[in-house]
Amino acid sequence: MSTVVNTNLITDLQKFGGADINACFSCGTCTATCVLADNDATFPRRFIRLAQVGLTDDLVASKELWTCYQCGLCTTNCPTQADPAEFMATSRRYAIAHYDKTRIARILYTRPVVGSAIVVGAGLFFALFFAAVRGEQSTTSLAFFDFIPYPVIHTAGIVLMVMVALFSLLGVGTLARDMARHDGVTWRSLLGTRSARARTGRALWSALGLESLGQKRYREDCHDDVEVEPLYRRRWLIHALTIWGFLGLLLATTLDYAFDIVGIKATGTPVPIWYPVRLLGTVAGLALMYGVTWFMVNRARKEGVSFEHSKPSDWLFLVLLWVTGFTGFVIEAALYLEPVPAWGYWIFLLHVAVAMELVLFLPFTKFAHAMYRPVALFFYGLARDDTTHAG
Ligand code: SF4
Ligand code: SF4
């Protein structure tokens, strides 16, 4: 296979972030500093080298890009201000845009004015659409959810999710294919024998259970903020609560839907706060709001190296999540007021429109990390498993 050299790679990368990688002279200080280097004597500077020589395909298909949690230690210790931490974040943004064939991610990352117009346009579209199909405002919470007919939300949600799933699968599938080719992973090496299946199982558990859900390495290894931050402000906890909160809300919504289908409880039926699904949703919503609020505060304050450079797309993801969470709580409060106040209905409309927009932009914003990182960590787990068992 021929190697394609992209002579514009550095210029193109700079549109996605602020790192000055021309300043890097491969001294290795970042490697010595990084707690996640994992005995890899070239991590993370190898990726800077790939960018310097224009190897786009190798850079975007590097699974190790996604093992970095952007703690910033390497940047703090870099003698030339090459900012390797920001370079890693920039490369991840670049990889997401590279694998997004619609080019929406690229626009959101590199053309803030056009990107903002797309975001505002999509938001207005959803708001006007739901305003056009809205029903009457009832004075009782029993019929509150009839304000925007449930079948309309349901159908719009399904259409949107199918579209988003197709875009996401295309991007993540191509990334997985490239990583598999790069590492010589085949279906046979994954599933062909009993030991292969065991190895695949371990890599899946490591990527999905230990890392994505348990935040193991972030929690145990990236502890540079342990001395300076109380537990409630540590990066891993803020990150974990955001993920756990989001997953909890997803589970609560799915259960609510399932209960409706099997006839346990119709969607929208008023229930007390301690009703299990409502309680799960409330606790998950609080966790999400906590994590997202700290992310926003840290980004606004440029708190530490990790939050120094924020792209509009990073903000878009946080703002959509925050507004969705906040309006969800306002709706919950409105439901306990009898009669439901008029503003409750409009907040409900806003909530649905913003939640739809959040889903729509899932493959193109920082949210895409939630799909790309586990795939990369899976391939990383396979390679690590080989090293462990070879030793
Ligand atoms: S990024 Fe900085 S610390 Fe790392 S190799 Fe380059 S100059 Fe050295
Ligand atoms: S930001 Fe932290 S985890 Fe990422 S390469 Fe630098 S030192 Fe390693």
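For every chain, the first residue of the written sequence is number 1, and numbering continues from 1 onward in sequence order. Starting at A for chains and at 1 for ligands, labels are handed out in the order in which the entities are written. Local features in this predicted model are restricted to residues of pLDDT 70 or higher, and side-chain atom pairs are both shown and tallied only at a pLDDT of 80 or more, whereas totals for entire chains, interfaces and linings draw on every residue. Side-chain measures were taken over the full set of non-hydrogen atoms in the model, leaving aside hydrogen atoms and water.

1. Focus on the nonpolar core
Rule in force here: As used here, the term nonpolar core means buried Ala, Val, Leu, Ile, Met, Phe, Trp, Tyr and Cys residues forming a set that is joined through side-chain atoms within 4.5 Å. Exposure categories follow from relative accessible area, calculated using a 1.4 Å probe and restricted to protein chains: below 20% of the type maximum is buried, above 50% is exposed, and the middle band is partly exposed. Helix numbers and strand numbers start at the N terminus; a helix is a DSSP run of H or I with at least 4 residues, a strand a run of E with at least 2. An automatic or database domain assignment supplies the residue ranges for each domain. Residue contacts are counted whenever heavy atoms from the two residues lie within 4.5 Å of one another.
Core analysis: the largest hydrophobic core is formed by 99 residues, its most contacted members being Phe 87 and Tyr 372. The element that contributes the greatest number of residues to this core is helix α16 (residues 342-360), accounting for nine residues. Residues from two domains meet in this core; each of domain 1 (9-99) and domain 2 (111-390) gives at least three. In this structure Phe 87 touches Leu 13, Ala 19, Ile 21, Phe 47, Ile 48, Ala 51 and Leu 59, once residues within four positions along its chain are discounted.

2. A look at the site of ligand 1
The condition is simple: It suffices for a single heavy atom of a residue to lie within 4 Å of a molecule or strand for the residue to be listed as near it. Residues are sorted three ways: Asp, Glu, Lys and Arg are charged, Ala, Val, Leu, Ile, Met, Phe, Trp, Tyr, Cys and Pro are nonpolar, and all the rest, Gly among them, are polar.
Taken together, 14 residues lie near ligand 1, and Cys 24, Cys 27, Gly 28, Cys 30 and Cys 78 sit nearest. Broken down by secondary-structure element, the contributors of at least two residues to the shell around ligand 1 are α2 (29-33) and α3 (45-52). Among the residues making up the shell around ligand 1, the classes are represented as nine nonpolar, four polar and one charged.

3. Remarks on the packing of helix α8 (residues 112-132) against helix α9 (residues 150-183)
How we decide: Here, axes are lines fitted to C-alpha atoms. For helices the fit covers the stretch in contact, and angles between N-to-C directions go from 0 to 180 degrees. In these notes the angle categories are as follows: under 35 degrees is roughly parallel, over 145 is roughly antiparallel, 65 to 115 is roughly perpendicular, and the rest is oblique. Note on convention: near helix rotated counterclockwise from far helix by under a right angle means a left-handed crossing. Clockwise means right-handed.
Between α8 and α9, whose axes approach to 11 Å, the crossing angle comes to 150°. The angle between the axes of α8 and α9 places the two elements in the roughly antiparallel class. Both α8 and α9 take part in a crossing whose hand is right-handed. Contacts between α8 and α9 pair Phe 126, Phe 129 and Phe 130 from the former with Val 152, Ile 153, Ala 156 and Leu 160 from the latter. Class assignment of the residues belonging to the contact of α8 with α9 gives a composition of seven nonpolar, no polar and no charged.

4. Concerning helix α11 (residues 194-213)
Threshold: Each residue after the first adds 1.5 Å to the expected span of a helix.
Between its terminal C-alpha atoms α11 stretches 26 Å, which fits the 28 Å expected from 20 residues at 1.5 Å a residue. Looking one or two residues past α11, Gln 215 carries a phi angle of roughly 55°, positive in sign.

5. Overview of the environment of Arg 92
Going by this rule: Any pair of nitrogen or oxygen atoms within 3.5 Å is treated as a polar contact; in protein, a donor-acceptor pairing is required on top of that, and neighbouring residues in sequence qualify only through side-chain atoms on both sides.
The topology assignment puts Arg 92 in helix α6 (residues 84-99). Given the relative accessible area of 2%, Arg 92 is considered buried. Along the chain, Arg 92 and Cys 27 lie 65 residues apart, while their C-alpha atoms are 23 Å from each other. The residues contacting Arg 92, other than those within four sequence positions of it, are Leu 65, Trp 66, Cys 68, Gln 70, His 369 and Arg 373. A distance of 2.9 Å separates the side chain of Arg 92 from the backbone oxygen of Leu 65, its partner in a polar contact.

6. A closer look at the domain arrangement of the protein
Put simply, the rule reads: Buried surface area refers to the total accessible area, computed with a probe of radius 1.4 Å, that the two partners give up upon joining, counted for both partners together. By definition, a salt bridge exists where a carboxyl oxygen of Asp or Glu is found within 4 Å of a side-chain nitrogen of Lys or Arg.
When cut into domains, the protein gives domain 1 (9-99) and domain 2 (111-390). In this structure, domain 1 and domain 2 have C-alpha centres spaced 27 Å apart. On the domain 2 side, the residues contacting the 29 residues of domain 1 number 32 residues. Where domain 1 abuts domain 2, roughly 2800 Å² becomes buried across the two surfaces, and 60% of that area is made up of carbon and sulfur atoms. Counting across the domain 1 and domain 2 interface gives four salt bridges.

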